[in-house]
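# Analysis of the macromolecular model
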Amino acid sequence: MPKWFRPDLTENDVTPEEIYLNRRKFMKAAGVLPLFPALAACDGQDTSAKAATGENTLKPTPYEDITGYNNFYEFGVNKSDPAREAHRLTTKPWHVTIDGLVEKPGVYPLEDVLKGMDIEERIYRFRCVEAWSMVIPWNGFMLRDLLKRVGVKPEAKYVAFETLHRPEEMPGQKYPVLKWPYREGLRLDEAMHPLTLLATGLYGKPMPNQNGAPIRLVVPWKYGFKSIKSIVRISLVKEQPPNTWNMMQPDEYGFYANVNPNVSHPRWSQATERRLGEGLFGKRVPTLMFNGYEKEVAHLYKGMDLRKFY
Ligand SMILES: Nc1nc2c(c(=O)[nH]1)N[C@H]1C(S)=C(S)[C@@H](COP(=O)(O)O)O[C@H]1N2
Ligand SMILES: [Mo]
């Protein structure tokens, strides 16, 4: 059994940083992920996560729920559409354009992006703005490692992301339900935060298309819509970039989109969430400030009015 696989990990074995990242390092990226025995590793004994948040368990949501109940409007607006339609997407070859205020702009083949990156497992709460949630064992690397590699110029203040636009393979893009391509953005300090991942897999398997293959963002303290899928462009910019849901419904979806049980969505409360995969309709649990990552990220928003910057 490789050293990184430690099903016996307890809170006494790990440093505080490891507790909050809940990381299980497993390999240097080689492009291909092994069929990792995550299922066994995730068997409920998540003492490290418990220590970090007070929540009694961070038991991963079953694979079938994570891959069968999705928001990916490029493949349809129903939660079951992506699992049925996303097989149409060709993910090889894949290129990511990195441009704007960077030292080394380019159109990088995905293999080059992944080369040498430290792919690890992170078990994160994932909270959709629609008040359902999951616990997802992602495989990915820190966005900041990529940003450091390409060299961020001092004038850059934000990072903008774009999803692939390819209506031949993404049937949802034939309809103007959103302004295509899907776009998201982060402030540079959010992008550089060690919790912010570029994910290439889940449950130790390559990323399923419906979850945003081959590479997608994961920002665990923000509502799910910030976690943009199937990324083809990352741009370093000076001004706050437009983001799709904010362009559609600015009064409902902000730029920051931090999970906040105290600020309701105009049409529903954000105080609780339905945890999918637990009970027939999902167990209702209280929503935590910053989705439970308050200790790690609250400092980023010091002095900001979170009702105004929602
Ligand atoms: N390109 C793209 N990215 C997207 C979306 C989308 O429709 N298109 N939906 C977002 C929303 S609203 C959520 S909740 C998450 C869902 O991620 P999951 O299906 O992996 O759980 O993806 C986000 N990323
Ligand atoms: Mo969402």
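Computed from a prediction, not measured in an experiment: that's the story for all the values here. (Residues numbered from 1 in each chain as written. Chains lettered and ligands numbered in written order. Predicted model: local features only at pLDDT ≥ 70, side-chain atom pairs only at ≥ 80, totals over all residues. Heavy atoms only, no water.)

### Here we look at the overall build of the protein chain
Our working rule: In this description a helix means any DSSP run of H or I spanning at least four residues, a strand means any run of E spanning at least two, and both kinds are numbered starting from the N terminus. Relative accessibility decides the category of a residue: with a 1.4 Å probe and only protein chains considered, values under 20% of the type maximum give buried, values over 50% give exposed, and everything between is partly exposed. It only takes one pair of heavy atoms within 4.5 Å for two residues to be counted as in contact. To measure how exposed things are, a 1.4 Å probe is used in the Shrake-Rupley method; for residues, cover is taken only from the protein chains shown.
The secondary structure content of the protein chain amounts to 10 helices and 13 strands. Taking all 310 residues of the protein chain together, the buried fraction comes to 56%. Contacts in the protein chain between residues far apart in sequence, at least 24 positions, make up 71% of those at least 6 positions apart. Surface summary for the protein chain: the accessible area is close to 13500 Å², and the carbon and sulfur share equals 56%.

### A word on a nonpolar patch on the surface
Short version of the rule: By definition, no residue in a patch forms a salt bridge, and every one has over 30% relative accessible area; like charges are joined within 9 Å, nonpolar side chains (Val, Leu, Ile, Met, Phe, Trp, Tyr) within 5 Å. Any carboxyl oxygen of Asp or Glu within 4 Å of a side-chain nitrogen of Lys or Arg constitutes a salt bridge here.
A surface patch of nonpolar side chains, about 270 Å² in accessible area, is lined by V77, Y175 and V177. Its location among the elements puts Y175 in the loop between β6 (158-163) and β7 (183-187).

### Let's talk about the confidence of the model for the protein chain
Rules: For every residue, the pLDDT score states the predictor's confidence, bounded by 0 at the bottom and 100 at the top.
Of the residues in the protein chain, 82% reach a pLDDT of 70 or more, and the chain-wide mean stands at 87. The low-confidence segment residues 26-54, where pLDDT is below 50, has 70 contacts with residues more than four positions distant or belonging to other chains.

### Comments concerning the packing of aromatic side chains
What counts is decided by this rule: Any Phe, Tyr or Trp ring, taking Trp's six-membered ring, that has another such ring centre within 6.5 Å forms a pair; planes under 30 degrees apart are called stacked, those over 60 apart edge-to-face, and the others tilted. Lysine and arginine charges are scored as sitting over a ring when NZ or CZ, respectively, is within 6 Å of the ring centre and within 35 degrees of the ring normal.
For the structure shown, the criterion picks out 13 aromatic pairs. Summarising the aromatic geometry, the rings of Y63 and Y203 are spaced 5.8 Å apart at their centres and angled 65 degrees between planes, so their arrangement reads as edge-to-face. Here the residue Y63 occupies a position in helix α4 (residues 63-68), and Y203 occupies one in the loop between β8 (197-202) and β9 (205-206), the gap between them amounting to 140 residues. Accessibility expressed as a relative area gives 23% for Y63, which makes it partly exposed. Between F225 and Y253, the ring centres sit 5.5 Å apart and the planes meet at 75 degrees, which makes this aromatic pair edge-to-face. With F225 in the loop between β10 (216-218) and β11 (231-237) and Y253 in the loop between α9 (244-248) and β12 (272-275), the pair connects residues that are 28 residues apart, well separated along the chain. Y253 matches F225 in its accessibility class, with the two residues each being buried. Clustering of aromatic rings is evident, with ring pairs tying together Y158, F255, Y256, F290, Y301 and F309. Its guanidinium or amino end placed over the ring of Y63, K205 lies 4.8 Å from that ring's centre, counting from NZ or CZ.

### Some points on the sheet that holds strand β3 (residues 106-109)
Which entries qualify depends on this criterion: Two strands pair under a simple rule: DSSP has to find at least two bridges between them. Note on geometry: axes are lines fitted to C-alpha atoms, helical ones only across the stretch in contact, with angles between N-to-C directions running from 0 to 180 degrees.
In spatial order, the strands read β3-β2-β11-β6-β7; together these 5 strands make up an open sheet with mixed pairing. Each edge of the open sheet carries a strand with a single partner, namely β3 and β7. Direction aside, neighbouring strands of the sheet carry axes that sit 20 degrees apart on average. Alignment of β6 against β7, held across 5 bridges, turns out to be antiparallel. Considered in β7, the bridge of E162 is made with R183.

### Section: helix α7 (residues 143-150)
As a reminder, the rule being used: Comment: arc refers to directions from the helix axis out to C-beta atoms.
Of the residues making up α7, those classed as buried are L143, L146, L147 and V150. End-on view of α7: buried residues confined to an arc of 100 degrees, all on one side of the axis. Where α7 ends, the next residue or the one after it, G151, has phi of about 80 degrees, a positive value.

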